[in-house]
Amino acid sequence: MKKIYLHPLPIRIWHWINAISFIILIVTGLQIRYRELMGLMKFKEAVDIHNFLGFVLIFNFFIWLVYYIFTGKIKIYIPPLNLKKFIMGSLKQARYYGYGILMGEPNPHHSSPDNKFNPMQQMAYLAIMMLLIPLQLGSGLLLWDAKMFADWINLVGGIKIVDTVHVFLFLFFTSFIFVHVYLATLGHTATAHIKAMFTGYEELEEEHSH
Amino acid sequence: MSEEKAEKISGKSALGLVIFGPILGMLYVCLLPLIALMTLLLVLPELASAKKTDILENSSICMGCHSSPDFTKTFKNKEKMSVFVNEKDFKSTVHRFLSCTDCHQSISLDNHPGSADAYDGKNAFAVAAAAACKNCHPEAQLKAKPNHGFIANKTNAPPCTVCHGAHTVKRISEWKPTLSSNNQYCLTCHSQKISKQQKNGEMLSLSIDPSVLAASVHNKHACSDCHVEYTKTSHPVKQFDSNRKHSISVSEACKKCHAEKHKAVSESIHAKMISEGNLKAPVCTDCHGFHTVGPKATYETMSGVPCRKCHEDIFKIYSKSVHGMAKAKGTHNAPLCSSCHFAHEVKVTSMSEKIKGACLGCHKDAEAKHTKWLPNASLHLSAISCAACHSPGSGKGIYLRLYDQDTGKSFTEEQMLKILGTTYEGLSNKIDPHGDGIESDELWSLVSKMNEKGTNAKVTFIGRMDVSTGSEAHQLSFKKNAVKECENCHSQESEFFKNVTVAIVKADGRLTRHKAKSEVLGSMFSLLSLKQFYVLGSTRLKGLDWLGILMVFGGMSVPLAHITLRVLTSPIREAKRLNKMRKEDKR
């Protein structure tokens, strides 16, 4: 069994802090928004937890940013600059998920520390990490103290706009988590990717030598 | 010799007679008329007075009884009256030349009102007796003076004797010097029960209780200090449309000394209402009285506060509030009406920042205390009225008010009318065309009309949470009864969000309320019209809820669909795997 060291420790810690925070933020967010439908905790408790974890995520985001920029590994998020290559790679990957995987074909993408994501993942994670997460953290920060950030809120168009952005992204992340978790089970075994996220080592399917 | 001497002497005396006789004769002839004249002049007044004195003396029959100080008469109504006439006093009056029967014409020895039944009472007697005055002082003479004119025409006018006295009548010229320095001159009449009629038939009492005037803070003033047009020589006859118009008019006099207060009042909602023709609004005299003006403290007591006269319903609520109870207990700094609303510059306080300023004026640590337990305390305090949480049992609602986005100030009804080119009556129709409560699209179309190019306006609605009525803002209770649970507001079930009002503010602070449907808060249109108003959980967009259900369902269905496909295609993969294994076995 061949193993490659795919997830360095800081990234594993970052990932699991993110994961737990996301879940709790989703639950407390639902509690804040749907008071009359849920009674898991008091409104104020929900807000306090939500605020706290919001700051945890802001801090966590910077751990991720600093780590990837200083190690130079940020490039794994950058799709190939060659557009044709990128489109072809994406189509190949899409074909695999839509057809190849069903037909028992191997995954066209082989993860390595330098080339961790397939082109579709690159596209998705780049947008998430560089646009959607900062937007979510930023809008959350504005809502956290609407009076202090009143000028910023007005610049964006009003508190209802900020809230709508925050809630829309919350809906996106919530639905994304289902897909994310499912995709994590599509390693050569159902738990291969998940194990790797704990140990750092991804097991590779042994290829038969001819 | 002696004869010679005698001759000489007789000669001398003859010469004296010849010389002095004519001189003395001339002197006598000339002086006699002079002496006679002088004697006459000296004696005439004596004669005159002697003659008049005679008349009183002729009344000696009357005075035989009436000079007794204890002599009284009892009327039908058991009233007692002294019938004593002080002869000495009478002799100093202007009427000293008259005899008793000149005035008391119906009284003679044969016809003396000995019986107590002759008159109902003291007043009836005085009225009958005073009728005699007109014998010498005819109506025309009386009516020449307006102050007399008023009185003389009254059916129940006080008899002359009330002001002038019965047996002590003095010349007016004798009155003036002694009474000019104080208000007694005016009070001579105005302490009586006198009144006048306004154009609308209302009667206005002109009576002033001297003791009340003396107890007022204005007791050092002369009547003419306020009643500037009235002097001893000038007494204009004024008639107002109504008593109300009279009060409004006389209140102008106060500004002579109280210019600052008068200016404050002129900027108040009360003055504004008067100027709009609402004469019910108070003027100076409504709160301070006319002649009863008391010191400031008079108006700062539960019983003396004049606001009650019109706002009794609110006062009742106030008196049961934490503030009213403290005031009633005598707590020195407990607020009364004017503490929050101010006494003179009374402004409309509905949902204004000013009233919050009044609360925080005393409760200086309010924000710090709220910060201890309330997240975003400052934001909460700016969007929620104090009463909304501190008036238990009050109705609650959301009030949407237009603000100018650039200046942050209220956008007034007047400004709206200008932009929309409509009238006050037309505005209601523009805001709520169907008259069934403002709907979300109507609210949005209003905002977009206001913000159209060319209007130079940039307006937005901001929501405030408040109690439903002004009265309820007064039922403030103890701290322990205040709302503290977040869920009270941060839930769509909250009472606040079921009661939505678009409140258009006039330049003077008054509000015009237009009912809105509660759906305006959560409609997608609100993203455009209410983008500055959001309450966690309570004003959430309905559309976003549905989108959320769709997205989460979508997120879940991707794995489910893929798993289904994988299950369905597993025989293919199985066949392929077996094929592969067979190939390898063949090798």
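Residues numbered from 1 in each chain as written. Chains lettered and ligands numbered in written order. Predicted model: local features only at pLDDT ≥ 70, side-chain atom pairs only at ≥ 80, totals over all residues.

Q: Explain the overall build of chain B to me, please; I cannot follow it from the model alone.
A: Along chain B, the regular secondary structure elements total 29 helices and eight strands. Counting only residues that meet the buried cut, chain B has 20% of its 587 residues in that class. Across chain B, contacts joining residues at least 24 apart in sequence account for 66% of those joining residues at least 6 apart. (Helix = DSSP H or I, 4+ residues; strand = E, 2+ residues; numbered from the N terminus. Buried ≥ 20, exposed ≤ 12 C-beta atoms within 10 Å, placed from the backbone. Contact = placed C-beta atoms within 7 Å.)

Q: Explain the overall build of chain A to me, please; I cannot follow it from the model alone.
A: Looking only at helices and strands, chain A has seven helices and two strands in total. Tracing chain A from N to C terminus, the helices and strands come up as β-α-α-α-α-α-α-α-β. Judged by the C-alpha coordinates and their principal axes, chain A covers about 70 × 40 × 35 Å. Every one of the 210 residues in chain A was classed for burial, and the buried ones make up 23%. At a minimum sequence separation of 6, the contacts of chain A that also span at least 24 residues come to 66%.

Q: What is the right way to look at the interface of chain A and chain B in this model?
A: It is common to report an interface's size as the accessible area lost on association of the parts. Every contact between the two is made by 30 residues of chain A and, on the other side, 39 residues of chain B. Within the residue set of the side of chain A that touches chain B, elements represented by two or more residues are helix H1 (9-33), helix H2 (43-71), helix H3 (83-103) and helix H6 (159-184) of chain A. Broken down by element, the side of chain A that touches chain B gets its largest block of residues, 15 residues, from H6(A). Here the residues of the side of chain A that touches chain B are counted per class, giving 16 nonpolar, six polar and eight charged. (Nonpolar A, V, L, I, M, F, W, Y, C, P; charged D, E, K, R; others polar.)

Q: Help me understand the sheet that holds strand S8 (residues 511-516) of chain B in this model?
A: The strands making up a sheet associate through hydrogen bonds between their backbones, and the pairing can be parallel or antiparallel. Residue and element names in this part refer to chain B. Read across the sheet, four strands follow the order S6-S5-S7-S8 without closing on themselves; strand pairing throughout is mixed. For this open sheet the edge positions go to strand S6 (459-467) and S8, each flanked by a neighbour on one side alone. This sheet shows a mean twist of 30° between the axes of neighbouring strands, independent of strand direction. As paired elements, strand S5 (residues 396-404) and strand S7 (residues 500-505) share three bridges and run parallel to each other. Within S7, the residue paired with Ile398 across the bridge is Val500. (Pairing = 2+ DSSP bridges. Axes fitted to C-alpha atoms, helices over the stretch in contact; angles between N-to-C directions.)

Q: Would you take a moment to explain the pairing of S5(B) for this structure?
A: Residues in a regular strand point their side chains to alternate faces of the sheet. In the sheet, S5(B) pairs with S6(B) via nine bridges, with the strands oriented antiparallel. Along S6(B), the bridge assignment pairs Tyr399(B) with Arg464(B).

Q: How do you make sense of the nonpolar core when you look at a structure like this?
A: What tends to happen in soluble globular proteins is that the nonpolar side chains get buried as a cluster. Formed by 51 residues in total, the largest nonpolar core has its most connected members in Ile398(B), Leu400(B), Leu443(B), Val447(B), Phe461(B), Val502(B) and Ala516(B). Of all the elements in the fold, those that place two or more residues in this core are H2, helix H4 (119-144) and H6 of chain A together with helix H24 (386-390), S5, helix H27 (440-450), S6 and S7 of chain B. If we ignore the near neighbours within four places in the chain, the residues touching Phe461(B) are Leu400(B), Arg401(B), Leu402(B), Val447(B), Ser529(B), Leu530(B) and Phe533(B). If you look at the next biggest cluster of nonpolar residues, it comprises seven residues, including Val167(A), Phe173(A), Leu541(B) and Leu544(B). (Core = buried A, V, L, I, M, F, W, Y, C linked by C-beta atoms within 7 Å.)

Q: Help me understand H4(A) in this model?
A: Because the α-helix completes a turn every 3.6 residues, residues three or four places apart line up on one side. All names here are of chain A. Taking 1.5 Å per residue, 26 residues should reach 38 Å; H4 reaches 36 Å between its end C-alpha atoms and fits that length. Where H4 bends most, the angle comes to about 40°, and this point is Ile128. If you check which residues of H4 are buried, you get Pro119, Met120, Gln122, Ile133, Gln136, Leu137, Ser139, Gly140, Leu142 and Leu143. Buried-residue contacts for H4 involve H2, H3, helix H5 (150-156) and H6. (Expected span 1.5 Å × (residues − 1). Bend = angle between axes of the 7 residues up to and from the residue.)

Q: In this structure, what is going on with unusual backbone geometry? I would like to understand it.
A: Glycine aside, residues mostly have negative phi angles, and peptide bonds mostly take the trans form. Residue and element names in this part refer to chain B. The backbone of Lys78 sits at a positive phi, close to 75°, despite the residue not being glycine. Mapped onto the elements of the fold, Lys78 is located in the loop between strand S1 (72-74) and strand S2 (80-82). The exposed category is assigned to Lys78, around which 8 C-beta atoms lie within 10 Å. A positive phi angle, near 65°, is found at Phe342, a position not held by glycine. For Phe342, the location among the structural elements is in the loop between helix H20 (337-341) and helix H21 (353-362). Judged by the 15 C-beta atoms lying within 10 Å of it, Phe342 is partly exposed.

Q: Explain the packing of H4(A) against H6(A) to me, please; I cannot follow it from the model alone.
A: When two helices pack together, you describe them by how their axes are tilted relative to each other and by the distance separating the axes. Residues and elements named next belong to chain A. Their axes nearest at 9 Å, the elements H4 and H6 cross at an angle of 135°. Here H6 runs oblique to H4, going by the angle between their axes. As H4 packs across H6, the resulting crossing turns out to be left-handed. Listed contacts from H6 to Leu132, Leu135, Gln136, Ser139, Gly140, Leu142 and Leu143 of H4 are Val162, Asp163, Val165, His166, Leu169 and Phe172. The residue inventory of the contact of H4 with H6, partitioned by class, reads eight nonpolar, four polar and one charged. (Parallel < 35°, antiparallel > 145°, perpendicular 65-115°, else oblique. Left-handed = near helix turned anticlockwise from the far one by under 90°.)

Q: Sorry, what's going on with the confidence of the model for chain B here?
A: Caution applies to low-pLDDT regions: their predicted coordinates should not be interpreted in detail. Residue and element names in this part refer to chain B. Looking at chain B as a whole, its pLDDT mean stands at 82, while 87% of the residues score no less than 70. Of all secondary-structure elements in chain B, the lowest mean pLDDT belongs to helix H10 (residues 172-179), at 52, while helix H18 (residues 308-320) reaches the highest, 93. Per-residue pLDDT stays below 50 along residues 50-55; that stretch engages in four contacts with residues further than four places along the chain or on separate chains. The complex model carries a pTM of 0.72, and its ipTM stands at 0.86. (pLDDT = per-residue confidence, 0-100.)

Q: How do you make sense of the packing of H1(A) against H6(A) when you look at a structure like this?
A: Residues and elements named next belong to chain A. Two elements in contact, H1 and H6, have axes whose closest approach is 11 Å; the angle formed by their N-to-C orientations is 130°. Taken together, the axes of H1 and H6 lie oblique to each other. The way H1 lies across H6 gives a crossing that is left-handed. Counted together, Phe22, Ile26 and Gly29 of H1 and Phe170, Phe173, Thr174 and Ile177 of H6 form the full contact between these two elements.

Q: Where do I start with the environment of Tyr230(B) in this structure?
A: All names here are of chain B. One can find Tyr230 in the loop between helix H13 (223-226) and helix H14 (243-250). When the C-alpha atoms of Tyr230 and Cys186 are compared, they prove to be 9.5 Å apart, with 44 residues separating the residues in sequence. When neighbours within four sequence positions are excluded, Tyr230 is seen to be in contact with Cys223, Ser224 and His235.

Q: I'm lost on the environment of Leu142(A) in this one. Help?
A: Residues and elements named next belong to chain A. If you trace the backbone, Leu142 turns up in helix H4. Residue classification places Leu142 among the buried residues on the basis of 21 C-beta atoms within 10 Å. For Leu142, the contacting residues outside a window of four places in its chain are Phe149, Trp152, Ile153 and Val162.

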